[in-house]
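Breakdown of the fold
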Amino acid sequence: MSYKVAFASTDGKVVNEHFGRARQFHIVEIDDKDYKFIESRENIPPCNDFQHTEDGIINSIKLIEDCKAVFIARIGQGALNEVEASGIQAIEAPYFIEDIIDNLINSKVKLFDERE
């Protein structure tokens, strides 16, 4: 069974964006043995000067609503609550995307419930 995850990254190599400042999300589909890059989705960052709009956060969430998780460098508590309420797991992981994917594929402990 495969699933999609989103990565907040400026370069597609490292998770280096705060959820509220992410200009794009890189979408990857993962299964038990492999993964494939699907697309990069442009985002209008909802946070500016430490202020954010509720509509902006909701729009960012809608952009990744087909994903089981979003990997970000940081996320504020308000945005975290909104993301998780939408059924997406938010994971702070400022690491190389390839390493995260390898971990997801090779982990004995499954991060996501495969029945979903």
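These numbers come from a predicted model, not from an experiment. (Residues numbered from 1 in each chain as written. Predicted model: local features only at pLDDT ≥ 70, side-chain atom pairs only at ≥ 80, totals over all residues. Heavy atoms only, no water.)

Before going further, it helps to examine the nonpolar core. Ranked by internal contacts, the top residues of the largest apolar core, which has 18 residues, are Phe19, Phe25, Ile64, Val70, Ile75 and Val83. Listed by contribution, the elements that provide at least two residues to this core are strand S1 (3-8), strand S2 (24-30), helix H1 (54-63), strand S6 (69-72) and helix H2 (77-85). Sort the elements by how many residues they give to this core and H2 lands first, with three residues. Ile64 has contacts with Ala6, Phe19, Phe25, Ile27, Arg41, Val70 and Ile88, leaving out every residue within four places of it along the chain. If you look at the next biggest cluster of nonpolar residues, it comprises 15 residues, including Val15, Ala93, Ile100 and Ile101. (Core = buried A, V, L, I, M, F, W, Y, C linked by side-chain atoms within 4.5 Å. Buried < 20%, exposed > 50% of the residue type's maximum accessible area, 1.4 Å probe, protein only. Helix = DSSP H or I, 4+ residues; strand = E, 2+ residues; numbered from the N terminus. Contact = heavy atoms within 4.5 Å.)

What follows deals with the packing of aromatic side chains. With the rule as written, the count across this model stands at two aromatic pairs. Both rings, one in Phe7 and one in Phe71, keep their centres 5.2 Å apart while their planes meet at 20°; by these two values the pair is stacked. Of the two residues, Phe7 sits in strand S1 while Phe71 sits in strand S6, which places them 64 residues apart along the sequence. Take Phe7: its relative accessible area is 0%, and that puts it in the buried class. Taken together, a centroid distance of 5.8 Å and an interplanar angle of 45° make the contact between Phe19 and Phe25 tilted. (Phe/Tyr/Trp six-rings, centres within 6.5 Å; stacked < 30°, edge-to-face > 60°.)

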